[in-house]
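Structural characterization, general
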Amino acid sequence: NPKSAIRHNVFGGTIGGKIIRDKLFFFSDYQGIRRANPGAPSSYSVIPTPFRQGDLSLLLSQRNLQLHDPLSLNAGVRQPFPNNRIPLNRMNVVARNLFTMPEVYPNPINTALRFNALNTNSSYVFSDQGDIKIDAKFSPRDDFSARYSSGRQDNPGTNTVPAAMSTFFTSPFTSTVSNWTHTFSASLVNEFRVGFNRSVFWDGGDPGNTGNLAEKLGIINGNERFPGLLALNFVGGNANNIGNQNLGGLRYNVNNTFHYADNLTLIRGRHMMKTGGQLIRIQANVFYAGNNGRVGFMRFTGQYSAGPNASNPTSAGLAEADFILGYPTSTGLGITTGLWGQRKNVIAGYFQDDWRVGGSLTLNLGIRWEDHT
């Protein structure tokens, strides 16, 4: 298939001017970015049509793989499924329901064990950011400025196979700073500054319009935390994994920084001395669902459909067969609520002296102290 075109657009503008002549001025800007990478259909693997009726005999003819019945033991040894056919009454309800929902999990377009369907993965960038700044001259000795900045970037990813789930990424930020400069005399100037920054980082799986898919398939309490489908992983199998273990968000980070600073400049003869201090307050608030994901996963490995000698490739089992039988090898579930927070103060003070000793020699002398709590 030909590659799809990438559309990348950047647009914006600036405007500024006076509000009060010689007293008050403004400046503002905006920039937007729109980038669409719609992708192209690419090969995707779903469970073949015969498998969906319990007929896995293709594995015998194509891979010489014999599946075994975990509930049929003879002298403690699992017995093979005759001709790799799993009785329909042994298929679990989740697999049966999934195979009757082609609008969520498509039917194959050929008879291959792998690469038998198509999926288009698309990504987008939506970004908006802007600033507004005010400059004011309150008196011949006082200059004031303030700036406010805000922006947001969204980077979603979508799949045309709904069961594969989509993803989201969003990162808004806010920043503001104000600065007041007071001139006491030609040799003494003070500057006071206050600032604030806030950045957010949030990403995870997006269920799209699949609704409470997990419970529709028959997974009890499968949507108690979030709509969509938790991850169903076919380890070592032919089919692509479906669902997403991080629906609703894997990580959510909020960082706030408050900044206060004051600087005093004094000129005496050959000395230009500066002294001041700053206080920075940092707040980090983090949510992490954990490695098992916010809504969790079920992992199928072929452990239960394997024969007595699972190390033999002809009786190793198949992840999709375990899924059809309803036997996950392992399951996992992370946390869904709770932030941990870190708080930090940076307290600092300094003194510096630029001393012009002679026409060709200047000494830059200084000392700084900081405390990080």
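This text gives an overview of the structure that appears in the document. Every value quoted in this text rests on a predicted model; they were computed, and no experiment measured them.

The number of helices and strands found in the protein is four helices and 18 strands. Here the protein has a C-alpha radius of gyration of 32 Å; the compact-globule value for 373 residues is 21 Å, and the former is much larger. Based on the C-alpha atoms only, the size of the protein along its principal axes is roughly 100 × 45 × 45 Å. Of all 373 residues assigned to the protein, the portion counted as buried reaches 35%. Charged side chains of the protein number 34 positive and 23 negative; the gap between the two group centres comes to 2 Å.

Here we come to the layout of surface pockets. Any empty space left between atoms is shown by rolling a water-sized probe over those atoms. One number sums up the size of the largest pocket: a volume of about 210 Å³. Taken together, 14 residues line the largest pocket, and the ones lying closest to its centre are Asn221, Gly222, Leu230, Val295 and Leu333. Looking at the lining of the largest pocket, the elements that each hand over two or more residues are β15 (297–300) and β16 (330–332). Split into classes, the residues belonging to the lining of the largest pocket amount to seven nonpolar, five polar and two charged.

A full pass over the atoms with the stated rule returns nine salt bridges. Across the pair Lys133 and Asp135 runs a salt bridge whose closest N-O atoms are separated by 2.8 Å. Its relative accessible area of 29% is what places Lys133 among the partly exposed residues. Asp135 sits in the partly exposed class, given a relative accessible area of 30%. Taking the shortest distance from any N to any O, the salt bridge between Asp143 and Lys137 comes out at 3.1 Å.

Mapped onto the secondary structure, His182 falls in strand β10 (residues 166–185). Of note is the side chain of His182, whose polar atom sits 2.6 Å from the side chain of Asp142. Each residue touching His182, except ones within four places of it in the same chain, is listed here: Arg141, Asp142, Leu188, Val189 and Asn190.

For the rest of this paragraph, the subject is the pairing of strand β7 (residues 121–139). Judged from the 14 bridges that link them, strand β2 (residues 24–37) and β7 form a sheet pairing that is antiparallel. If you follow Tyr30 over to β7, its bridge partner there is Gly130. Taken together, the three bridges between β7 and strand β9 (residues 157–159) define a ladder with antiparallel strand orientation. By the bridge assignment, Ser122 is partnered in β9 with Thr158. Both β7 and strand β8 (residues 142–154) contribute to a ladder of 13 bridges, which runs antiparallel. In the sheet register, Lys133 faces β8, and the bridge partner there is Arg147.

Turning our attention to the pairing of β10. Bridge analysis of β8 against β10 gives 13 bridges, and the strand direction is antiparallel. Across the sheet, the residue bridging to Tyr148 is Thr176, located in β10. Hairpin connection from β10 to strand β11 (residues 188–206): two residues lie between these consecutive antiparallel strands.

On to the environment of Gln352, then. Turning to its location among the elements, Gln352 is positioned in strand β17 (residues 340–358). Distance in space between the C-alpha atoms of Gln352 and Gly366 is 3.9 Å, their sequence separation being 14 residues.

In this structure, Ser127 sits in strand β7. C-alpha of Ser127 to C-alpha of Arg34: the two residues are 93 residues apart in sequence and 6.6 Å apart in space. Those residues in contact with Ser127, other than ones at most four positions away along the chain, are Gln31, Gly32, Ile33, Arg34, Arg152 and Gln153.

Within a beta sheet, neighbouring strands are joined by backbone hydrogen bonds and run either parallel or antiparallel to one another. The sheet built from three strands is open, its strands ordered β12-β15-β16 with mixed pairing. Both outer strands of the open sheet, β12 (231–234) and β16, are each paired with one neighbouring strand and no more. The mean angle between the axes of side-by-side strands here comes to 15°, regardless of whether they run parallel or antiparallel. Bridge analysis of β12 against β15 gives four bridges, and the strand direction is parallel.

The next thing to look at is a nonpolar patch on the surface. A contiguous nonpolar patch, built from Tyr260, Leu279, Ile347 and Trp369 and spanning about 380 Å² of accessible area, is present on the exposed surface. Within the secondary structure layout, Trp369 lies in strand β18 (residues 361–372).

What counts and how
Residues numbered from 1 in each chain as written. Predicted model: local features only at pLDDT ≥ 70, side-chain atom pairs only at ≥ 80, totals over all residues. Heavy atoms only, no water. Helix = DSSP H or I, 4+ residues; strand = E, 2+ residues; numbered from the N terminus. Rg over C-alpha atoms; globule rule 2.2 N^0.38 Å. Buried < 20%, exposed > 50% of the residue type's maximum accessible area, 1.4 Å probe, protein only. Lys, Arg positive; Asp, Glu negative; His and termini not counted. Charge placed at Lys NZ, Arg CZ, Asp CG, Glu CD. 1 Å grid on protein atoms, 1.4 Å probe; cavity = no way out; pocket = protein on both sides within 12 Å on 5 of 7 lines; lining within 4 Å. Points joined across faces, edges and corners; volume = space filled by probe spheres on them. Nonpolar A, V, L, I, M, F, W, Y, C, P; charged D, E, K, R; others polar. Salt bridge = Lys/Arg side-chain N within 4 Å of Asp/Glu carboxyl O. Polar contact = N/O pair within 3.5 Å; in protein donor to acceptor, adjacent residues only side chain to side chain. Contact = heavy atoms within 4.5 Å. Pairing = 2+ DSSP bridges. Axes fitted to C-alpha atoms, helices over the stretch in contact; angles between N-to-C directions. Patch = residues over 30% accessible without salt bridge, like charges linked within 9 Å, V, L, I, M, F, W, Y side chains within 5 Å. Areas by Shrake-Rupley, 256 points an atom, 1.4 Å probe, with all protein chains shown as cover.

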